[in-house]
Every structure is written in C-alpha cells, then in structure tokens.
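Structural features, examined
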Amino acid sequence: MQNKFRKALPWFGAILVITAMLWPALRPSAKPEKAAAAKPARAALPVHTVTIQFQALEESVAATGTVRAEESIDVQPEVSGKLLKIFFQEGTVVRAGELLARINDSELRATYQRAVYRRELASLKVRRVSQLVANGGVTQQEYDIAVSELNVLEAEVSLIDAQLARTEIRAPFDGIIGLRNVSEGAYVTPLTKIATFQRLDQLKVDFALPEKYAYRIKPDSEVSISVAGGGQPLQGRVYAVDPRIDGATRTVLIRALCPNPGGRLLSGGFVSVRVALARVPDAILVPSFAVLLGVNEKSVLVVENGKVGRRVVSVGTRTNSAVQIVDGLRPGDTVITSGLQQLREGQPVRVLEPESTEATHASAPKLASHHSDHPADARKQN
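These notes cover the structure that comes with them. (Residues numbered from 1 in each chain as written. Predicted model: local features only at pLDDT ≥ 70, side-chain atom pairs only at ≥ 80, totals over all residues. Heavy atoms only, no water.)

**Description of the overall build of the protein**
A count of helices and strands for the protein gives 6 helices and 20 strands. Across the protein, the fraction of contacts at a sequence separation of at least 24, relative to all contacts at a separation of at least 6, is 76%. Carbon and sulfur atoms make up 53% of the accessible area of the protein, which totals about 23400 Å². (Helix = DSSP H or I, 4+ residues; strand = E, 2+ residues; numbered from the N terminus. Contact = heavy atoms within 4.5 Å. Areas by Shrake-Rupley, 256 points an atom, 1.4 Å probe, with all protein chains shown as cover.)

**So, the pairing of strand 5 (residues 99-103)**
Among the 5 residues that make up strand 5, 4 are buried, leaving the element largely enclosed by the rest of the structure. Note: strand 3 (residues 81-86) against strand 5, 3 bridges, orientation antiparallel. Across the sheet, the residue bridging to L83 is I103, located in strand 5. (Buried < 20%, exposed > 50% of the residue type's maximum accessible area, 1.4 Å probe, protein only. Pairing = 2+ DSSP bridges.)

**With respect to the sheet that holds strand 6 (residues 168-170)**
A sheet is described by the order of its strands in space; here 4 strands give the open sequence 6-5-3-8, paired in antiparallel fashion. Every other strand in the sheet has two partners, leaving strand 6 and strand 8 (187-188) as the edge strands with one partner each. Sheet topology note: the strand 5/strand 6 ladder contains 3 bridges and is antiparallel. Across the sheet, residue L99 finds its bridge partner in strand 6, namely R170.

**Things to note about the packing of helix 3 (residues 106-135) against helix 4 (residues 140-165)**
Between helix 3 and helix 4, the shortest axis-to-axis distance is 8 Å and the interhelical angle comes to 160°. Considering their axes alone, helix 3 and helix 4 lie roughly antiparallel with respect to each other. Helix 4 is crossed by helix 3, and the crossing has left-handed handedness. (Axes fitted to C-alpha atoms, helices over the stretch in contact; angles between N-to-C directions. Parallel < 35°, antiparallel > 145°, perpendicular 65-115°, else oblique. Left-handed = near helix turned anticlockwise from the far one by under 90°.)

Okay, here's the thing in structure tokens:
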C-alpha cells in the first residue's frame, strides 16, 4: 500500500502545480456591471469647425477681353497728290478740328480764284440788268439769264471750295495722334495711311461669354477690368450685347465701356474681365471641401450636442473656395471642416478654435467659373 502511495505521489504533485498555474484563468470573472464601468469611454476627436452666418454673395463670371479705343481711325487723304505739309507731332494730343496735314492744292486755288472773279463779274451784270429792266431797256428774259449765270458761278465757287477742303486733313475728334508712316513731299493716295488717331480717355472692352449667360447679362451690368501689372482694376459697365449667338463657338459677344484715367490701358491690349450677374445679401457659404458627395445627395457634417451629425444640403453657386448652401443649414449651425473621412454619425468630437465663415471665406464673392474668349476654350465651357 505504501508502495502504491509512493508511486502516485509524483503525479499528485504535478497536478497541484498545473492547477496553481491555471487558477487565475479558471477564476470566475467580475460582474458585467463592474467590467463595463472599468472600461474607459471612447475619447472625443478634436475637429475644426466654422459657424454659419449670413453674408453677401456676388455671383460673377470671368472672361478675357480685348481693349479697343472708344474712337479710332486711320488718317488717310481724300484725294491723291503730294503731301505738302504735316502739322502734327507724333504721340501728342490733338483737338477736334485741328489741321493735321495738307495735300498740294495750288491748282485748285488758282481755279478757285478764277471762279471768284467770274462770279463778281456776273454779280455786276445782274445789278446793271436789273436797273435796265426797271426802265424798260431790256426784257425780263435777259434779266433771268443774267441771274442764272450768277447762280451757276456761285455753285462753281462752292464746288471748288469743297475740293480745297478735301486737300486738308483735320482731326474729327479729340484724341492722340500716332506715329506717322510718310514724310512731307511723298505722293499719297486715298489708300495711304499717314498715321493712326485714337480717343483713349474712355475705352471699349470686347469679350465673349458662353450662351448660358447671354440672357443674364444686361446693359449697365457692372464690369471689373484688370490687366497684368496694371494695378487696381478699372470699373466699367456693359454697353451693348450682340443680339446673336456665334454658331461656331456658342458664345455671345459683349462690349463694355470704362474710363481710362491717365491712359493706363492701350488699344489692342489683353485684359481680364469679371461681370457681376447677381447679388445675394443673405447667402450661407461653407468651404467647398466640407461638402460630402453621395450617390444621390450632398451632405455636410455638423456638431450637435458634442457629437457628429449629418445634414443633407442643396447647393447653389460655387465660388473659388466655398459653396452656397440653398437648403439644409441655418445661421448658428457648426459645420465640421477637418477629419471628415474619419468621422461617423454619433461620434463624440471636441471643437478646436471655432471660426466664422466671414473670416474663412473673405474671397467668397468670386465665381469660380472662368471663360476665355478663345473659340476652343469657349467650346469647352459649353
């Protein structure tokens, strides 16, 4: 019996060792209530937000345009002949009516003087015949013939005087004369361009917009015109809209007028144009990246009672950095702008440095839709 006990003793000791090792795992667990209380709560994620406020939104469209002088002509003679004298200095201001150049008119002046002498003789004849008619010395017919001859000679003098006026080239309006292309003594014809002449105190700007804007552009619409390196933009207004759509580019041609103080812009220059379409005084704007795109809807994430909420929204005008919310948000709502991919509805969040939409979107009233007046770019817009 003792021998059997001695043989079982090593096995009994091994069982005790194994039981001691497994006892912590086999010990009954704590009550579920106590375990749940001991488990730490899910930490709130820090997020950046913007607080919705009403702000003014100006909807506009951008394009590129070409500057044209308000009035522009090529200085050309009306008659052929030798250029007798040039009276202007290149690049200077010329007033309306000033003499710019004169074509050789010596032959016409001689003809004019002859016609004047003949007219004076005919006038004396009429006076004499009129006295004879009163005394019965000549018939009424002879008097009528003398009067007719005087009238013909007066018309001839007027004709030659008009021909002399055509040999003088005068400024038709106030403007700036350009560089001359000919010298005194050169033989010129009506096809010869002596110089250019332009009025630059006010400019025309031609630009094209896609046809979808054709019915929203009205005369007197405000226009902002800027040129690279030209400083502050010039403010102008729409002057006229072409009443047809270009069939090749599907664009409408628009012309605006703007003042040109100091001659900042020159005719033929390339400018950027921004046209105001509408102004919304109480628009709601959010950063464009805060709008989440779904299969059939758009939404934003908001903070509601310290947790993430989702709002389905309707969007309107898009600007360079923001989107107008037409429906789904109201002033005072807090929109989340960071960590959007990691957030889920109902998740606790902690707001960091809340900002105002006015500060976040200082450049909001600028429509991101741009259009070039180049035909290829116009087709892309449509």
